[in-house]
Amino acid sequence: MALLSSSLTRFCCLRTNRINNGLYSAYLPCQYRLYSTSQVRRGLGRYVQIVNSKYESFLKTRFPRFFQLYHTFVEGIKLLFRDCKEVKRIKVNMHSDKLQFKDLPYRDMERLRQFRRDVGKAVPLLVISIPPFANYLVFLLMYFFPRQLLIPHFWTPRQQLEFRGVSHSVRVQQHQPVLSGLQNLKVSEGVLQKRLQNLCVKVQNGVTPQVSEILAVRNLFSGPPLGVKRMSNEQMRLVSPLLFLTPRLPSFLMSRQLQHRGSELLHLDRALSSLGVQNLSEAELRQACFLRGLYSSSLTVPQCREWMSRWLHLSNSLKDSEVSLLLHSIVFLSANYRH
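In this report, we go over the structure that sits alongside the text. Remember, predicted model here, so these are calculated numbers, not experimental data.

1. Here we look at the overall build of the chain
When you go through the chain residue by residue, the secondary structure sums to 15 helices and zero strands. The proportion of buried residues among the 339 residues of the chain is 37%. In the chain, of all internal contacts separated by at least 6 residues, the share reaching a separation of at least 24 is 60%. Summed over all atoms, the accessible surface of the chain reaches about 20,700 Å², with 59% contributed by carbon and sulfur.

2. Points about a nonpolar patch on the surface
On the surface, a cluster of nonpolar side chains totalling about 730 Å² of accessible area is made up of F63, F66, L69, L140, Y143, F144 and F145. Where the nonpolar patch is concerned, the elements lending two or more residues are α3 (64–97) and α5 (134–144). Ranked by residues supplied to the nonpolar patch, first place goes to α5 with three residues. Assignment of secondary structure puts F66 in helix α3.

3. Some remarks on unusual backbone geometry
Glycine aside, negative phi is the norm for most residues, and most peptide bonds take the trans geometry. For the bond from P224 to P225, the omega torsion is 10°, close enough to zero to count as cis. Within the element layout of this structure, P225 appears in the loop between α10 (211–215) and α11 (233–239). The backbone of K98 shows a phi angle near 55°, a positive value even though the residue is not glycine. As for its position among the elements, K98 is in the loop between α3 and α4 (106–128). Look at F244: it is not a glycine, yet its phi comes out positive at around 60°. Secondary-structure assignment places F244 in the loop between α11 and α12 (251–275). The exposure class assigned to F244 is partly exposed, which follows from its relative accessible area of 41%.

4. Here's the deal with helix α9 (residues 190–204)
A rise of 1.5 Å per residue sets the reference length of α9, with its 15 residues, at 21 Å; its end C-alpha atoms lie 21 Å apart and thus fit the reference within 8%. If you check which residues of α9 are buried, you get L192, Q193, L196, L199, C200 and V203. Summarising the axial view, the buried residues of α9 lie within an arc of 125°, below the 170-degree limit, and thus occupy one face. More than 90 degrees from the buried face of α9, the exposed residues found are G190, V191 and K194. Buried residues along α9 sit in contact with α8 (175–183), α10 and α15 (323–334). Two residues or fewer past α9, G206 is found with a positive phi of approximately 90°.

5. Focus on the pattern of salt bridges
Enumeration according to the criterion identifies 14 salt bridges in this entry. For R111, the salt bridge identified is with D83, shortest N-O distance 2.8 Å. Remark: D83 occurs in helix α3 and R111 occurs in helix α4; sequence separation between them is 28 residues. On the basis of relative accessibility, which here comes to 27%, the residue R111 falls in the partly exposed class.

6. Quick look at the environment of V201
Along the chain, the position of V201 falls in helix α9. Taking relative accessible area as the criterion, V201 reaches 36% and is therefore assigned partly exposed. In sequence terms V201 and Q183 are 18 residues apart; their C-alpha atoms lie 8.6 Å from each other.

7. Thoughts on the packing of α8 against α15
It is the contact of α8 with α15, at a shortest axis distance of 10 Å, that shows an interaxial angle of 115°. One finds that α8 runs roughly perpendicular with respect to α15. Here α8 runs over α15; the crossing is left-handed. Two secondary-structure elements touch here, α8 through H175, V178, L179 and L182 and α15 through H328, V331, F332 and S334. In terms of residue class, the contact of α8 with α15 is made up of five nonpolar, three polar and no charged.

8. Considerations on the nonpolar core
Grouped together as the largest cluster of nonpolar side chains are 66 residues, with contacts concentrated most on L196, L258, M308 and W311. Take this core: its biggest share by element is eight residues, from α15. Taken domain by domain, this core gets at least three of its residues from each of domain 1 (47–154) and domain 2 (159–335). With sequence-adjacent residues up to four places away left out, M308 is seen in contact with L272, V277, L285, A288, C289 and R292. By size, the runner-up hydrophobic cluster in this structure holds seven residues, among which are L125, L150, F154 and W155.

Rules and cut-offs
Residues numbered from 1 in each chain as written. Predicted model: local features only at pLDDT ≥ 70, side-chain atom pairs only at ≥ 80, totals over all residues. Heavy atoms only, no water. Helix = DSSP H or I, 4+ residues; strand = E, 2+ residues; numbered from the N terminus. Buried < 20%, exposed > 50% of the residue type's maximum accessible area, 1.4 Å probe, protein only. Contact = heavy atoms within 4.5 Å. Areas by Shrake-Rupley, 256 points an atom, 1.4 Å probe, with all protein chains shown as cover. Patch = residues over 30% accessible without salt bridge, like charges linked within 9 Å, V, L, I, M, F, W, Y side chains within 5 Å. Salt bridge = Lys/Arg side-chain N within 4 Å of Asp/Glu carboxyl O. Expected span 1.5 Å × (residues − 1). Arc of directions from axis to C-beta. Axes fitted to C-alpha atoms, helices over the stretch in contact; angles between N-to-C directions. Parallel < 35°, antiparallel > 145°, perpendicular 65-115°, else oblique. Left-handed = near helix turned anticlockwise from the far one by under 90°. Nonpolar A, V, L, I, M, F, W, Y, C, P; charged D, E, K, R; others polar. Core = buried A, V, L, I, M, F, W, Y, C linked by side-chain atoms within 4.5 Å. Domains from an automatic or database assignment.

Okay, here's the thing in structure tokens:
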């Protein structure tokens, strides 16, 4: 009887565990309590954090250079996931509210623009990594060519400053060829040609022109000979590197790219005017200046704001058909700006 009573007690306890916890095991005595899934997850999460903290401390002490790369990679992954969530939110809002790119607020517009550039840069690398064992080759390429292959999420702060300087130096090399191309242009209207010549000479002499002087030649940039769809192939090849576009494409593709980038820049300027330059953070302000041709690392925040206000004054005065003048103003306004 004692044996039977003990067996019944054990059976009842097991049935109770099955009802309360949704789990049942014929090999667990009733005095052992089963853990819920959430408790297990919390425990594993704390364990992973402890192990990860010890691993990072070990790397930081024994391999500081590798730790910097590792830390940059981990933080880059976090930033990339954050951007993916933000872009998903923006896309959902665009779909639900039936918005176009030009209707977005400035920060959403800028985030979407940058994300598209980053994805376009990352796709070729992902394609290379598809074959078996090709990921080792990808890691080597990423290590030796970070500027060409990695997106800014995975650059160290030092690399961001260095690579921005390299990119700007490539753009600066196009300033003189662009001005020379404009000076050699044959214009039927003598007055406009004289104004364009004076504008180019002024920039070549190290002077930043006034916005009114740039707007005085706007008629040349809305149709022939300098409209974005009417420029010569040579002039398009000179302007394309100002926007970090390749000049080695067929003329109709270059024209399409310049039209797209110019319209995108015009929409960004209008959204930024609505937001107000004073509401940008320092990082946002410097990024906005760099996008428009100004290397702002050596400038103060007030100087950046002053230059951006001048740029927006010009941009807000232009029509959509005059976007070519905005592209050429990357040279006119930024070539000599110091204060």
